[in-house]
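# Tertiary structure, described
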Amino acid sequence: MALSAPERIWWKPLGRQERLWVGVSLGFLMILFLSMPLWPLIEKQNTPNEFYRVSPAQFTQLVTDFNAKYKVGAEGGVPIVRPPPGDVYLAGQQWRWSSILELQQGKTYRIHTSSLDVNHGLSIQPIDMNFQLVPGYDQVLTLTPTTTGDFALICNEFCGAGHHLMVGHLRVRGCCWPPA
Amino acid sequence: MLLATGVMTLPSRAAAGFASRICQATGLVVDVAAEKVIAANVVAAIVFMVLGGVSSVLVELTRAEWLQAMAPGLYYRALTLHGMNMLIYWIIFFEVACLYFGCSIVLNSRLVGVRLAWGAFGLMLAGALLTNATILAGQGDVLFTSYVPLKASPLFYLGTILFAIGALIACGVFFASILVARAERTYEGSVPLVTFGLITAAIIAVVTLIGGVFTYVPAFFWSLGLMNLDPEVYRLNYWSLGHPAQQINLAAMVTVWYMTASLTTGARPLNEKLSRFAFLLYLFFINLGSVHHLLVDPGLTRVFKVFNTSYAMYLAVLGSMIHAFSIPAAIEIALRAQGHRKGLFGWLRKAPWGNPAFSATILSMALFGFVGGTTGVIFGHEQINMVHHNTLDIPAHFHATVVAGTTLAFMGVTYYLLPLVLRREVLWPRLARVQPYVYAVGCTLHIAGMMIAGSYGVPRRTASLAAENAQHLFAQPAYWGLALLGVGGTIAAVGGVIYVAVVVASVLFGRQVPASAEPFRLAPVHTVGGVTVTSGVAAKEHSAPGALVLVFVFLAFFILVWFLNMWRLASVWPVS
Amino acid sequence: MPFGQLLFDDLFMLLLIGVAMPFIFFTIWGLLDISSIPQLPQGR
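Cut-offs used in this document
- Residues numbered from 1 in each chain as written.
- Chains lettered and ligands numbered in written order.
- Predicted model: local features only at pLDDT ≥ 70, side-chain atom pairs only at ≥ 80, totals over all residues.
- Helix = DSSP H or I, 4+ residues; strand = E, 2+ residues; numbered from the N terminus.
- Rg over C-alpha atoms; globule rule 2.2 N^0.38 Å.
- Buried ≥ 20, exposed ≤ 12 C-beta atoms within 10 Å, placed from the backbone.
- Contact = placed C-beta atoms within 7 Å.
- Nonpolar A, V, L, I, M, F, W, Y, C, P; charged D, E, K, R; others polar.
- Pairing = 2+ DSSP bridges.
- Axes fitted to C-alpha atoms, helices over the stretch in contact; angles between N-to-C directions.
- pLDDT = per-residue confidence, 0-100.
- Parallel < 35°, antiparallel > 145°, perpendicular 65-115°, else oblique.
- Expected span 1.5 Å × (residues − 1).
- Core = buried A, V, L, I, M, F, W, Y, C linked by C-beta atoms within 7 Å.

## A word on the overall build of chain C
Scanning chain C for helices and strands turns up two helices and zero strands. Seen through its C-alpha atoms, chain C measures out along the principal axes to roughly 70 × 15 × 5 Å.

Below you can see the structure in the form of structure tokens.
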């Protein structure tokens with residue numbers, strides 16, 4: 001019984017079924033483990049690995065400059081920004097996103113993301129990709145949108161009373177857009 | 001049902017030097033002073049469970065979207081209350097009770113430092129009340145995680161610090177009692193497996209509480225404006241507390257599984273070495289899994305993430321895989337030895353399903369294993385995490401581990417703690433019999449609802465999807481999932497109310513045991529069909545073909561969950 | 001007494017390893033990782 005003291009010597013070999021189960025489990029778990037380092041060779045979805053330290057003030061400046069440079073309009077007070085492939089700056093703050101990004105399908109962007117106040121979650125829906133924004137840190141998402149459409153940026157980290165209102169937009173257009 | 005014969009040798013110095021009684025059911029020497037501290041901790045646990053339970057209903061009826069029971073501000077307050085009370089106070093008070101039980105009664109010994117144990121209880125109680133009061137006063141709407149720089153009143157952090165110091169003292173009492181029991185030779189050789197499991201839980205608790213000091217002491221001074229605190233450093237420190245706290249639950253729950261399997265069917269550990277090795281794997285590696293919350297965070301490198309998220313190449317998961325076989329196999333062997341030999345699963349059909357401790361144990365194992373365990377490992381896969389982080393899939397995972405797993409297991413063992421430790425007859429045994437089923441069905445639907453909504457990307461910790469609805473963002477099935485979340489949560493709440501009602505009624509109005517027999521038959525633990533099942537040898541009696549088939553079905557399911565998630569991951573945009 | 005069994009009975013060694021493992025591999029390594037992040041260059 002598990003509540004009573006074991007025999008004096010309990011260091012005994014495993015039974016046949018136990019050896020079988022432990023062996024099979026260990027084999028499966030090793031494959032599962034290897035699937036993480038090997039995944040980059042199979043597919044292209046990997047957690048970002050490029051980070052910088054950046055103060056909210058510095059990041060605010062970067063976002064302001066970026067928005068001013070590529071702004072093509074505004075919607076509900078939020079600038080619509082149409083950047084070329086390359087560096088993009090996106091900030092989350094209570095309780096809005098710094099811009100509505102319009103990206104081109106199949107092009108690769110280096111999206112610098114950070115928060116200007118508290119933790120936020122960057123959730124791109126409905127494609128369902130999720131990242132964490134932490135103030136003081138820049139996480140660079142090297143992202144290639146491959147499907148077109150209107151996507152939402154949802155904050156999915158609690159960020160205060162207006163958290164559920166923090167919903168923005170991200171648009172991906174086809175190859176020949178915008179028309180010349 | 002006197003069982004003071006067989007392997008249960010009464011210690012030579014039984015009852016020497018402390019007020020005690022001999023338990024009529026198990027033959028164990030019970031320290032009366034320990035009994036009172038245990039009772040106080042169990043009662044506190046249940047009081048905080050009620051508080052967490054009331055808030056859980058409010059939370060769940062708000063999340064069910066079509067009801068919107070609460071305004072957003074109140075929702076976040078209720079969610080903070082729910083998280084703190086369920087994940088910390090209910091469970092840790094109950095675990096402290098388990099620790100005291102494992103270091104004194106199970107060892108036929110006394111609880112050392114009873115006054116310290118009461119002091120620890122007082123500190124934990126004061127801390128829990130302070131934090132709860134702060135939250136209710138609206139001064140701590142920062143959720144369970146309280147990520148800096150979202151600020152709560154300093155009292156919120158102070159309460160948590162007090163609670164942690166109290167719990168740390170309780171762990172000290174536990175370790176001291178074991179050392180004294182060894183010195184006084186109340187047990188020979190190694191400690192029983194249950195105590196070994198509780199040692200694992202207690203050491204993980206020490207890790208947790210040290211993490212708590214690293215997290216909340218700076219946060220306290222930061223909230224007073226006395227120092228700066230880096231948000232990412234806070235997140236790292238926070239999860240060296242937040243995740244190990246749930247691993248205490250894991251170790252304690254598995255220990256309770258071994259205990260209730262023994263008490264209800266007379267199962268004996270299949271192989272002491274294997275089961276202890278599995279606990280050792282938890283002890284060494286499980287706490288590396290704290291990084292599960294930080295996989296899409298800025299600042300941590302890939303090598304760090306891959307090594308830690310896999311608990312050092314999934315060695316801790318191997319521990320769980322071992323328990324997944326060794327406990328059902330021990331039950332199968334015990335039941336077969338009692339004559340239920342028909343076919344592969346005859347023993348399972350003849351198992352004591354009417355005993356709530358047994359049904360709770362089996363349901364807890366099934367839900368923890370199939371749902372909580374598999375999703376925990378797979379959502380913690382470095383890359384797969386990207387399609388689950390902070391969606392409702394995550395609460396779905398940990399409600400399957402902590403609620404359907406730990407809470408259900410603790411509910412089950414309470415039906416033995418009542419007669420054996422609190423010495424009260426279980427009132428309303430019929431209600432008690434159905435309770436685990438009601439709770440498990442509710443939990444299953446609730447978790448399924450969250451999992452469905454989460455798989456469509458619905459975020460967790462969000463009061464309302466009104467802003468998303470305006471964009472017609474989520475497909476209709478996501479809303480069916482949210483509705484199911486509400487229906488299941490309500491059924492689970494009914495199960496929780498039955499549990500609390502039975503326990504409170506039994507404690508207040510139940511007859512003293514042994515004035516009458518226990519309503520739930522204790523298994524004849526020492527005469528398992530007259531067969532002595534020794535560990536590691538005796539091939540014939542040692543065979544558990546049914547359990548082996550069950551674990552391979554489980555493995556197939558595990559692989560399926562993994563493949564589905566890899567396929568899901570491969571369908572999103574390339575990112576690095 | 002088998003050596004392995006003695007190892008499992010050693011409460012203090014278990015406590016030491018149990019606390020040291022996450023402290024070294026999670027906390028210390030994690031803090032090192034965080035502290036080695038470069039500053040985003042000014043004027044980009």
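## Some details on the overall build of chain A
When you go through chain A residue by residue, the secondary structure sums to two helices and twelve strands. When the elements of chain A are put in sequence order from the N terminus, they spell out α-β-α-β-β-β-β-β-β-β-β-β-β-β. At 24 Å, chain A has a C-alpha radius of gyration far larger than the 16 Å of a compact globule built from 180 residues. Taken along its principal axes, the extent of the C-alpha atoms in chain A is 80 × 40 × 25 Å. Taking all 180 residues of chain A together, the buried fraction comes to 49%. Expressed as a percentage of contacts within chain A between residues at least 6 apart in sequence, the contacts between residues at least 24 apart total 56%.

## Quick notes on the interface of chain C and chain A
Contact residues are listed per partner, giving eight residues for chain C and ten residues for chain A. In terms of residue class, the side of chain C that touches chain A is made up of four nonpolar, three polar and one charged.

## Some words on the sheet that holds strand E3 (residues 78–81) of chain A
Residues and elements named next belong to chain A. The strand order across the open sheet built from seven strands is E2-E3-E6-E12-E11-E8-E9, with neighbouring strands paired in mixed fashion. The strands lining the two open edges of the sheet, one partner per strand, are strand E2 (71–75) and strand E9 (129–133). Sheet twist, expressed as the average angle between the axes of neighbouring strands with direction ignored, equals 20°. Strand direction decides the pairing type here: strand E8 (residues 120–125) and E9, joined by five bridges, are antiparallel. The residue bridging Ile-124 from the neighbouring strand is Met-129, located in E9.

## A look at the interface of chain B and chain A
The parts lose accessible area when they come together, and the size of an interface is often stated as this lost area. With 88 residues of chain B at the interface, the matching set in chain A holds 71 residues. Listing elements by their share of the side of chain B that touches chain A, those giving two or more residues are helix H2 (72–105), helix H5 (193–223), helix H6 (231–265), helix H7 (272–285), helix H8 (302–309), helix H9 (311–337), helix H14 (466–469) and helix H16 (545–570) of chain B. In terms of residue class, the side of chain B that touches chain A is built from 51 nonpolar, 23 polar and 14 charged.

## Describing the confidence of the model for chain C
Chain-level statistics for chain C give a pLDDT mean of 92 and a share of 95% at 70 or above. If you check the scores for this complex, the pTM reads 0.93 and the ipTM reads 0.95.

## Let's talk about the packing of H2(B) against helix H3 (residues 114–136) of chain B
Helix-helix packing is described using two parameters, namely the angle between the two axes and the distance between the axes. All names here are of chain B. Two numbers describe how H2 lies on H3: the axes approach to 10 Å, and their chain directions differ by 175°. Considering the angle they form, H2 stands roughly antiparallel to H3. Touching Arg-77, Thr-80, Leu-81, Met-84, Tyr-89, Phe-93 and Tyr-100 of H2 are Ala-117, Met-124, Ala-128, Thr-131, Asn-132 and Ile-135, all from H3. Looking at the contact of H2 with H3, its residues break down into nine nonpolar, three polar and one charged.

## Digging into helix H4 (residues 154–183) of chain B
For H4(B), spanning 30 residues, the distance from its first C-alpha to its last is 43 Å, which sits close to the expected 44 Å at 1.5 Å a residue. Downstream of H4(B) by a residue or two, B:Arg185 has a phi angle that is positive, lying close to 55°.

## Quick word on the pairing of strand E7 (residues 109–115) of chain A
All names here are of chain A. Burial within E7 is extensive, with six of its seven residues counted as buried. Relative to E7, strand E4 (residues 86–93) runs parallel, the two sharing seven bridges. Paired with Val-88 across the bridge in E7 is Ile-111. In this structure, E7 lies alongside strand E10 (residues 137–143), joined through five bridges in antiparallel fashion.

## Structural notes on the nonpolar core
Residues B:Phe93, B:Ala97, B:Tyr100, B:Ala167, B:Ala170, B:Ala202 and B:Ala404 are the most contacted members of the largest nonpolar core, which totals 268 residues. Here the element with the most residues in this core is H2(B); it accounts for 23 residues.

## A closer look at the sheet that holds E4(A)
All names here are of chain A. Spatially, five strands are ordered E1-E10-E7-E4-E5 in an open sheet, and the strand pairing comes out mixed. Every interior strand has two partners, whereas the edge strands, strand E1 (51–53) and strand E5 (96–97), have only one. The strands touched by helix H2 (residues 56–70) are E4, E7 and E10; relative to E4, the strand with the most contacts, the crossing angle is about 120°.

## Concerning the pairing of E10(A)
All names here are of chain A. Burial analysis of E10 places six of its seven residues in the buried class, the great majority of the element. When E1 meets E10, the two strands line up antiparallel, connected through three bridges. The residue of E10 that forms the bridge with Tyr-52 is Asp-138.

## Topic: unusual backbone geometry
Cis geometry is adopted by the peptide bond preceding A:Trp95, which originates at A:Gln94 and carries an omega value of -5°. Counting through the fold element by element, A:Trp95 comes out in the loop between E4 and E5. The peptide bond linking B:Val148 to B:Pro149 adopts the cis configuration, its omega dihedral lying at 5°. Here B:Pro149 lies in the loop between H3 and H4. One non-glycine residue with positive phi stands out, namely B:Tyr314, at about 60°. The residue B:Tyr314 is located in helix H9 in this model. For B:Tyr314, a count of 23 C-beta atoms within 10 Å translates into the label buried.

## With respect to the packing of H6(B) against H9(B)
Residues and elements named next belong to chain B. Contact geometry of H6 with H9 gives a least axis separation of 10 Å together with a crossing angle of 5°. Judged on the interaxial angle alone, H9 and H6 are roughly parallel. Across the interface between the two elements, Val-254, Trp-257, Tyr-258, Ala-261 and Thr-265 of H6 pack against His-323, Ile-327, Ala-330, Ile-331, Ala-334 and Leu-335 of H9. When the residues that make up the contact of H6 with H9 are grouped by side-chain class, the tally is nine nonpolar, two polar and no charged.

## Here's the deal with the environment of A:Pro40
Residue and element names in this part refer to chain A. Inspection of the secondary structure assignment puts Pro-40 in helix H1 (residues 16–42). For Pro-40, a count of 13 C-beta atoms within 10 Å puts it in the partly exposed group. The spacing of Pro-40 and Thr-64 is 24 residues in sequence and 34 Å in space, taken between C-alpha atoms.

## Brief notes about H8(B)
Most of H8(B) is tucked away: six of the eight residues are buried. All of the buried residues along H8(B) are B:Phe304, B:Lys305, B:Val306, B:Phe307, B:Asn308 and B:Thr309. Those residues of H8(B) hidden inside the fold are in contact with H1 of chain A, H9 of chain B together with helix H2 (11–35) of chain C. B:Tyr311 lies just past H8(B) and shows a positive phi near 45°.

## A word on the environment of B:Val306
With respect to the secondary-structure elements, B:Val306 resides in helix H8. Looking at B:Val306, the number of C-beta atoms within 10 Å reads 20, which means it is buried. Measuring from C-alpha to C-alpha, the distance between B:Val306 and B:His292 comes to 10.0 Å, with 14 residues separating the pair along the chain. Setting aside residues no more than four positions away along its own chain, B:Val306 makes contact with A:Met36, A:Pro37 and B:Glu382.

## Some words on the environment of A:Pro83
Residues and elements named next belong to chain A. Positionally, Pro-83 belongs in the loop between E3 and E4. Given 22 C-beta atoms within 10 Å, Pro-83 falls into the buried group. The spacing of Pro-83 and Val-72 is eleven residues in sequence and 9.5 Å in space, taken between C-alpha atoms. Sequence-distant contacts of Pro-83, that is, excluding residues within four places in its chain, are made with Tyr-70 and Val-88.

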